[in-house]
Amino acid sequence: MIIATVLFLALSQPSHHLTEQEVILGAFLFHECQALSLPDPSEADKVKGALCLAYIEGFTDGQIQGGPCVGRASYGDMAAAYVAWMKKHPDLMSMDKRVGVLMALGQVYTCSPKPY
C-alpha cells in the first residue's frame with residue numbers, strides 16, 4: 001500500500017532532476033526522512049517522507065537472516081532512528097544509503113543472542 005501511494009505522489013510531483021549518484025547517497029535518504037518530523041509538512045515534504053518510509057520498508061523486507069532485528073518497530077520509528085544515527089555519523093552521508101541504513105538499524109535494533 002505504501003508503494004502505491006508513493007508512486008502516485010511521486011508521479012504527481014514535479015521532477016527535481018536528481019542524478020543517480022545523488023539519489024543513492026545517504027544524504028538523499030537523510031533529507032527525505034527528515035521530512036517526517038516537520039511540524040507542518042508541505043505536499044512535497046509528504047512525498048519525501050513517503051519515499052523514506054517506502055525505502056525503509058523495502059530495505060527491511062529485503063533483509064535475509066543476519067540483518068537488523070527490527071521486530072515490531074514501525075517504519076516511522078526506524079526512519080527516526082536512521083536520522084538520529086546519521087546525525088552522529090555524518091561521514092556516511094557521502095556513502096551509499098544502504099550502508100547507513102544497515103549500520104543504523106543494526107546498531108539501534110540489536111539481536112539478543114540465541115541460547116544454544
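Model, not experiment: these values are computed from the prediction.

Student: Would you explain the state of the cysteines in this entry?
Tutor: Defined simply, a disulfide is a covalent bond joining two cysteines at their sulfur atoms. In total, this model carries one disulfide according to the counting rule given. Cys33 shares a disulfide with Cys52; S-S distance 2.0 Å. Here Cys33 and Cys52 share a disulfide; its torsion about the S-S bond, 90 degrees, makes the bridge right-handed. Residue Cys33 is located in helix α3 (residues 26-34), and its partner Cys52 is located in helix α4 (residues 43-62); the two are separated by 19 residues in the primary sequence. Accessibility classification places Cys33 together with Cys52 in one group, the buried group.

Student: Help me out: how do you make sense of the pattern of salt bridges in this one?
Tutor: Between side chains of opposite charge, a pair can form as their charged atoms come close. Enumeration according to the criterion identifies two salt bridges in this entry. Of the charged contacts in the structure, one is a salt bridge between Glu43 and Lys46, with a shortest N-O distance of 3.3 Å. Separated by three residues within a single helix, Glu43 and Lys46 lie in helix α4, roughly one turn from each other. Note on Lys46: relative accessible area 41%, which makes it partly exposed. The closest approach of N and O atoms between Asp96 and Arg98, which form a salt bridge, is 2.8 Å.

Student: When you look at the side chain of Lys97 in this model, what are you seeing that I'm missing?
Tutor: Among the secondary structure elements, Lys97 is positioned in helix α6 (residues 97-108). Look at Lys97: it is buried, it has no salt bridge, and the nearest opposite charge is Asp96 at 6.8 Å. Once you skip the residues sitting within four places of it in the chain, Lys97 turns out to touch Val23, Ile24, Leu25, Gly26, Phe28, Leu29 and Tyr55.

Student: Looking at this structure, how should I read the confidence of the model for the protein?
Tutor: The predicted structure's coordinates, where accompanied by low pLDDT, should not be read in detail. Taken residue by residue, the protein gives an average pLDDT of 81. The fraction at 70 or more is 76%. When mean pLDDT is taken per element in the protein, helix α5 (residues 75-88) scores highest with 95 and helix α1 (residues 2-12) scores lowest with 46. A low-confidence stretch, residues 4-15 (pLDDT under 50), is modelled with eight contacts involving residues beyond four sequence positions or located in other chains.

Student: Just to check I follow, could you spell out α6 for this structure?
Tutor: Note: α-helices contain 3.6 residues per turn, so residues at a spacing of three or four share the same orientation. Helix length check: α6 (12 residues) gives 16 Å between terminal C-alpha atoms against 16 Å at 1.5 Å per residue, within 8%. Restricting attention to buried positions, one finds in α6 the residues Lys97, Gly100, Val101, Ala104 and Leu105. The buried residues of α6 occupy one face: seen down the axis, they fall within an arc of 110 degrees. In α6, those exposed residues whose orientation departs by more than 90 degrees from the buried face are Arg98 and Gln107. Among the structural elements, α2 (20-23), α3, α4 and α5 are those in contact with the buried residues of α6. Capping the start of α6, Asp96 holds a side-chain oxygen 2.8 Å from the backbone nitrogen of Arg98, two or three residues further along.

What counts, and where the lines are drawn
Residues numbered from 1 in each chain as written. Predicted model: local features only at pLDDT ≥ 70, side-chain atom pairs only at ≥ 80, totals over all residues. Heavy atoms only, no water. Disulfide = S-S within 2.5 Å. Helix = DSSP H or I, 4+ residues; strand = E, 2+ residues; numbered from the N terminus. Buried < 20%, exposed > 50% of the residue type's maximum accessible area, 1.4 Å probe, protein only. Salt bridge = Lys/Arg side-chain N within 4 Å of Asp/Glu carboxyl O. Lys, Arg positive; Asp, Glu negative; His and termini not counted. Contact = heavy atoms within 4.5 Å. pLDDT = per-residue confidence, 0-100. Expected span 1.5 Å × (residues − 1). Arc of directions from axis to C-beta. Polar contact = N/O pair within 3.5 Å; in protein donor to acceptor, adjacent residues only side chain to side chain.

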